[in-house]
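This is what each chain is made of:
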Amino acid sequence: MQEWLDERLPVSALTEMARKKEVPVHRYSIWYYFGGMTLFLFVVQVVTGILLLLYYRPSAENAFESVQFIITEVKFGWLIRSIHSWSANLMIATLFIHLFSVFFLRAYRRPREMTWVSGVVLLFIAICFGFSGYLLPWNKLAYFATKVGTEIAGVVPIVGHTMLRFLRGGDDVTGATLTRFFGFHVAVLPATATVFIALHVLLVQLHGMSVPPSLKDQNVSKMKFIPNFLLRDLIGWILAIGVLAALAALFPWELGEKADPFAPAPAGIKPEWYFLFMFQTLKYLPAKILGMDGEVLGIMTFNIVALLLFIVPFVDSGPENRKRTLIFNIIGVLVLLYILVMTIIGYVT
Amino acid sequence: MKNTLPDSTGRTIEPPAVESRRRFLDYLLGTSAVATLGAIVYPIIRFMSPPKIIESTESSVMAAKLNEIPVNSGKIFKFGSKPGILVRTDSGELKAFSAVCTHLECIVQYQPETKQIWCACHNGHYNLNGKNVAGPPPRPLEEFKVNTRGDEIVVSKA
């Protein structure tokens, strides 16, 4: 049996590789778990997403009612839908933790530049997932979030207007926008995400786990991936299922009111927490800065910072350099603080 | 390889005829590849950009009945496919504006307490002349003309 299979598919080579895989053990080892956790939550998204597809109907007339039907009539519908929403949020959270831990531990350094770049691509895919999925219940909050979000895309010079029309499927947010976002959310993004996840995970296998440069001189011991690390991963995933179930049961995700293109934006309207820091910034920016519309300047700044993420490993290359490491740490801490402070302000005001 | 000859220095080169024929074929192959790709990509791109829908040319609309809008209140009405806001000020004066915030296109509302038009999305304020007075909006709201016909309030583009 084994021989028959081996002749057609090199299974034993793969199992051999898996058996040889090791994970370094040191005081920062805890951060190795967040990539796997993000992947696990993505799998939860795929499973619950497919389940929701059994009942969801993507049109302005039916979307809200079909979600209402899912959470009120379908057995465990409330659970599946709540887990999908909560898991999406936790996934973004673990993704951010993963990103910042890789950043501060300098795990993106040569030869892992492409691992970092594919990870940044996955971050943007995840944000697109969140943004497109948010509209699908077709409620008031989602309607205005999408209006503002696509308008932000429209603010970008030169390509903005074309992008806005492409995203909205017209000049306004309508049923056409919903249909498009549905297509992105269930076809385009999953396909792209699968390719990049495969690449990202493959690269991690090729290069092995990175040991932080600060520990390079020390004798770092290792543990076997199978079974030692995998079992620890598993405990994390089981905990995650528990947390998801608890959140879904105690704080079921609200549906709100159906979207109405002729109703004012409700007071206290806010985007998802991972957009809050940008939202809060937009609130503070004055109408005009140096003759430019304030929001244009703010949005362009966020775009540029996002693009800078891609080049991090190429700027921080070459031999270890204390000064550069310090600068990178300071920038990282400042960005993290900015995000945290603005998010908290956005949350409490 | 059959068509290659040794040159004076002993290296093998292609005779000019073969070389130019190859270049010509490469050129044909390249241009047809580009043309084929273009013929595939162009319709896809055009398909993705949504067709323009002719905007309603309505220049005036019956926004509300007089008794529907008490003093110091506001009401959203449909002006074609866009929302407009009708405000009745403290003094009973009627005003109408586009209800689309000039910042990021949220729909504004009338705030009786501050007697201002307010956008909840990013906390933008406009006064009752539609002028942006606080928060991020960069431009005033577009103002419409208001007329009353019996008890009907008619709003028209200025």
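Bear in mind that the values here come from a model prediction, so they are computed numbers and not experimental data.

*Asks:* Which parts of the structure should I look at to understand the overall build of chain A?
*Replies:* Counting its secondary structure elements, chain A contains 13 helices and four strands. The C-alpha atoms of chain A give a radius of gyration of 22 Å, which matches the 20 Å a tight globule of 349 residues would have. Considering only C-alpha atoms, chain A reaches an extent of 65 × 60 × 40 Å along its principal axes. For chain A, with 349 residues in total, the buried portion stands at 30%.

*Asks:* When you look at the domain arrangement of chain B in this model, what are you seeing that I'm missing?
*Replies:* Bring the parts together and some accessible area is lost; that lost area is often taken as the interface size. Segmentation of chain B into domains returns domain 1 (5-48) and domain 2 (60-157). Centre-to-centre separation of domain 1 of chain B and domain 2 of chain B, based on C-alpha positions: 64 Å.

*Asks:* Quick question: what am I supposed to make of the interface of chain B and chain A here?
*Replies:* Taken together, the contact between chain B and chain A spans 24 residues of the former and 27 residues of the latter. Residues belonging to the side of chain B that touches chain A are distributed by class as follows: 15 nonpolar, seven polar and two charged.

*Asks:* I would appreciate a short explanation of the confidence of the model for chain B in the present structure.
*Replies:* In low-pLDDT regions, the fine details of the predicted coordinates are not to be read closely. Taken over all residues, the pLDDT of chain B has a mean of 87, while the share at 70 or more is 89%. Scored by ipTM, the complex comes to 0.76, with pTM at 0.87.

*Asks:* Before we go on, may I ask you to explain the sheet that holds strand E4 (residues 73-79) of chain B in this structure?
*Replies:* Neighbouring strands of a sheet are bound in pairs by backbone hydrogen bonds; such pairs are parallel or else antiparallel. Residues and elements named next belong to chain B. On the basis of which strands lie adjacent, the open sheet formed by six strands has the order E3-E12-E11-E6-E5-E4 and antiparallel pairing. At either end of the open sheet lies a strand with only one pairing partner, and these are strand E3 (60-65) and E4. Across the sheet, the mean angle from the axis of one strand to that of its neighbour is 30°, orientation sign disregarded.

*Asks:* Help me understand the sheet that holds strand E8 (residues 116-119) of chain B, please; the structure alone is not making it clear to me.
*Replies:* All names here are of chain B. The sheet built from four strands is open, its strands ordered E7-E8-E9-E10 with antiparallel pairing. The sheet is open, and its two edges are formed by strand E7 (109-111) and strand E10 (132-134), each paired on a single side. Looking at each pair of strands side by side, their axes are set apart by 40° on average, direction ignored. In terms of strand pairing, E7 meets E8 through three bridges, oriented antiparallel. Following the sheet pairing, Tyr-110 is matched in E8 by Ile-117.

*Asks:* Sorry, what's going on with the nonpolar core here?
*Replies:* Here is a general trend for soluble globular proteins: nonpolar side chains tend to be buried in one another's company. By size, the foremost hydrophobic cluster in this structure holds 83 residues, and its most contacted members are Ile85(B), Leu86(B), Cys106(B), Ile117(B) and Cys121(B). Of all the elements, helix H5 (residues 77-104) of chain A adds the most residues to this core, at 11 residues. Setting aside residues no more than four positions away along its own chain, Leu86(B) makes contact with Ala63(B), Ala64(B), Ile69(B), Gly74(B), Lys75(B), Phe77(B), Leu94(B), Ala96(B), Ile153(B) and Val155(B).

*Asks:* Sorry if this is basic, but what is going on with helix H12 (residues 294-315) of chain A here?
*Replies:* Quick reminder: α-helices carry 3.6 residues per turn. Residues three or four places apart thus point the same way. Taking 1.5 Å as the rise per residue, H12(A) with 22 residues should run 32 Å; its terminal C-alpha atoms sit 30 Å apart, in good agreement. Taken as a whole, H12(A) carries its principal kink of about 40° at Leu309(A); the proline Pro313(A) stands between one and four residues after it.

*Asks:* Whenever I open this one, the packing of helix H11 (residues 273-284) of chain A against helix H13 (residues 322-348) of chain A confuses me. Can you help?
*Replies:* To describe two helices that pack against each other, one gives the angle between their axes and the distance between the axes. Residue and element names in this part refer to chain A. Following both chains from N to C, one finds H11 and H13 inclined at 85°, their axes separated by 8 Å at the closest point. It follows that H11 is roughly perpendicular to H13 by the angle criterion. Mapping the contact onto sequence places Trp-273, Leu-276, Phe-277, Phe-279, Gln-280 and Thr-281 in H11 and Tyr-338, Ile-339, Met-342, Thr-343, Ile-345, Gly-346 and Tyr-347 in H13. Of the residues contributing to the contact of H11 with H13, the split by class is nine nonpolar, four polar and no charged.

*Asks:* I would appreciate a short explanation of helix H7 (residues 140-155) of chain A in the present structure.
*Replies:* All names here are of chain A. Between its first and last C-alpha atoms H7 spans 23 Å; for 16 residues at 1.5 Å apiece the expected length is 22 Å, and the two agree. All of the buried residues along H7 are Leu-141, Ala-142, Tyr-143, Phe-144, Ala-145, Thr-146, Lys-147, Val-148, Thr-150, Glu-151, Ile-152 and Gly-154. Considering only its buried residues, H7 is in contact with helix H6 (113-135), helix H8 (160-168), helix H9 (175-207) and H12.

*Asks:* Looking at this structure, how should I read the packing of helix H4 (residues 63-72) of chain A against H5(A)?
*Replies:* All names here are of chain A. Here H4 crosses H5 at 115°, and the two axes come no closer than 5 Å. Residue-level contacts link Val-67, Ile-70 and Ile-71 of H4 to Gly-77, Trp-78 and Arg-81 of H5. Class assignment of the residues belonging to the contact of H4 with H5 gives a composition of four nonpolar, one polar and one charged.

*Asks:* I'm lost on the pairing of strand E5 (residues 82-88) of chain B in this one. Help?
*Replies:* Residues and elements named next belong to chain B. The buried fraction of E5 is high, at five of seven residues. As paired strands, E4 and E5 are joined by seven bridges and run antiparallel to one another. Within the sheet, the bridge partner assigned to Lys-75 lies in E5 and is Leu-86. In this antiparallel pair of consecutive strands, E4 and E5, the connection spans two residues, and Gly-80 shows a positive phi of 65°. Of the strand pairs in this sheet, E5 and strand E6 (residues 94-98) are connected by five bridges, and their pairing is antiparallel. Residue pairing across strands places Arg-88 opposite Leu-94, the latter belonging to E6.

Calculation criteria
Residues numbered from 1 in each chain as written. Chains lettered and ligands numbered in written order. Predicted model: local features only at pLDDT ≥ 70, side-chain atom pairs only at ≥ 80, totals over all residues. Helix = DSSP H or I, 4+ residues; strand = E, 2+ residues; numbered from the N terminus. Rg over C-alpha atoms; globule rule 2.2 N^0.38 Å. Buried ≥ 20, exposed ≤ 12 C-beta atoms within 10 Å, placed from the backbone. Domains from an automatic or database assignment. Contact = placed C-beta atoms within 7 Å. Nonpolar A, V, L, I, M, F, W, Y, C, P; charged D, E, K, R; others polar. pLDDT = per-residue confidence, 0-100. Pairing = 2+ DSSP bridges. Axes fitted to C-alpha atoms, helices over the stretch in contact; angles between N-to-C directions. Core = buried A, V, L, I, M, F, W, Y, C linked by C-beta atoms within 7 Å. Expected span 1.5 Å × (residues − 1). Bend = angle between axes of the 7 residues up to and from the residue. Parallel < 35°, antiparallel > 145°, perpendicular 65-115°, else oblique.

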